[in-house]
Amino acid sequence: MGLDRMLRYQQVIASEAVLDEITALRQRFPISMIVLGDQTASQGWKDTLSQLPDPPRIMLVDERYTTLEARDRYWQMYPPSGLGGLVPQSLRKISRPIDDIVAILLIERYLNRLTGD
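The numbering scheme is per chain: residues are counted from 1 as the chain's sequence reads. In keeping with the predicted nature of the model, local features appear solely for residues at pLDDT of at least 70, side-chain atom pairs appear and are counted solely at 80 or more, and the whole-chain, interface and lining totals rest on all residues. Hydrogen atoms and water are omitted, and side-chain values are computed over all heavy atoms in the structure.

Comments concerning the environment of Met33
Definition in use: Secondary structure elements are taken from DSSP: a helix is a run of H or I of four residues or more, a strand is a run of E of two residues or more, and numbering for both begins at the N terminus. A contact between two residues is defined here by any heavy atoms of the two lying within 4.5 Å.
With respect to the element layout, Met33 can be found in strand E1 (residues 33-37). For the pair Met33 and Arg57, spaced 24 residues apart in the sequence, the C-alpha separation amounts to 4.6 Å. Beyond its immediate stretch of four places on either side in the chain, Met33 contacts Pro56, Arg57, Met59 and Tyr110.

Shown next as structure tokens:
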């Protein structure tokens, strides 16, 4: 996501492929910073990302409640169709990992902190 809040890339990547994926993405986009949640394994990821050539800055953001927020955002981004729309949201099952949506929320939190929103 750029400072303009336009989403440039969205994907869930296997842990072992992250460094290669970031390296490839840096060929396409001017990535100077990576935003991480401040809880689950953040120090390990900071250490891993520091192995990149010309490592980007790492910003930690409060990640509390992002999984719950990501569930809500998922249904905003991908509303159910047909009879699925009649099922209450709390009973719907999301059929894929939503870590990419959590990442979007973390970046938005960071940008909101910058702009005071």
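Here we look at the packing of helix H1 (residues 18-28) against helix H2 (residues 42-49)
Describing two packed helices takes the angle between their axes plus the distance from one axis to the other. Going by this rule: An axis is simply a line fitted to the C-alpha atoms; with a helix, the fit covers only the stretch in contact. Between two such axes, the angle follows the N-to-C directions and lies from 0 to 180 degrees. Roughly parallel means an angle under 35 degrees; roughly antiparallel means over 145; roughly perpendicular covers 65 to 115; every other angle is labelled oblique. Helix crossings are classified by the rotation of the near helix relative to the far one: an anticlockwise turn of less than a right angle makes the crossing left-handed, while a clockwise turn makes it right-handed.
At a minimum axis distance of 11 Å, the contact between H1 and H2 shows a crossing angle of 55 degrees. One way to sum up the angle between H1 and H2 is to call them oblique. Considering only the axes of H1 and H2, their crossing is right-handed. Taking contact as the criterion, the partners of Val18, Leu19 and Ile22 in H1 are, on H2, Trp45, Thr48 and Leu49.

A closer look at the pairing of strand E2 (residues 57-61)
Along any regular strand, the residues point their side chains to alternate faces of the sheet. Spelled out, the test is: When DSSP finds two or more bridges between two strands, those strands count as paired.
With five bridges connecting them, E1 and E2 associate as parallel partners. Counted as the bridge partner of Val35 is Met59 from E2.

Some remarks on the packing of helix H3 (residues 66-77) against helix H4 (residues 99-115)
Put simply, the rule reads: Here the term charged refers only to Asp, Glu, Lys and Arg, the term nonpolar to Ala, Val, Leu, Ile, Met, Phe, Trp, Tyr, Cys and Pro, and the term polar to all other amino acids, Gly among them.
Their axes nearest at 9 Å, the elements H3 and H4 cross at an angle of 105 degrees. The angle between the axes of H3 and H4 places the two elements in the roughly perpendicular class. Seen from H3, the contacting residues are Thr66, Thr67, Glu69, Ala70, Arg73, Tyr74 and Met77; seen from H4, they are Ile101, Val102, Ile104, Leu105, Leu106, Glu108 and Arg109. Taken together, the residues of the contact of H3 with H4 break down into eight nonpolar, two polar and four charged.

Focus: the packing of aromatic side chains
What counts here: Each aromatic pair joins two rings of Phe, Tyr and Trp (for Trp, the six-membered one) with centres within 6.5 Å, and gets the label stacked for planes under 30 degrees apart, edge-to-face for over 60, and tilted for any other angle. Note on classification: 1.4 Å probe, protein chains only; a residue is buried when its accessible area is under 20% of the maximum for its type, exposed when over 50%, partly exposed between these limits.
A full pass over the atoms with the stated rule returns two aromatic pairs. Between Tyr74 and Trp75, the ring centres sit 4.8 Å apart and the planes meet at 85 degrees, which makes this aromatic pair edge-to-face. On the basis of an interplanar angle of 45 degrees and a centroid distance of 5.1 Å, the ring pair of Tyr74 and Tyr78 is categorised as tilted. With a relative accessible area of 34%, Tyr78 lands in the partly exposed category. Among the aromatic residues, ring-to-ring pairing joins Tyr74, Trp75 and Tyr78 into one connected group.

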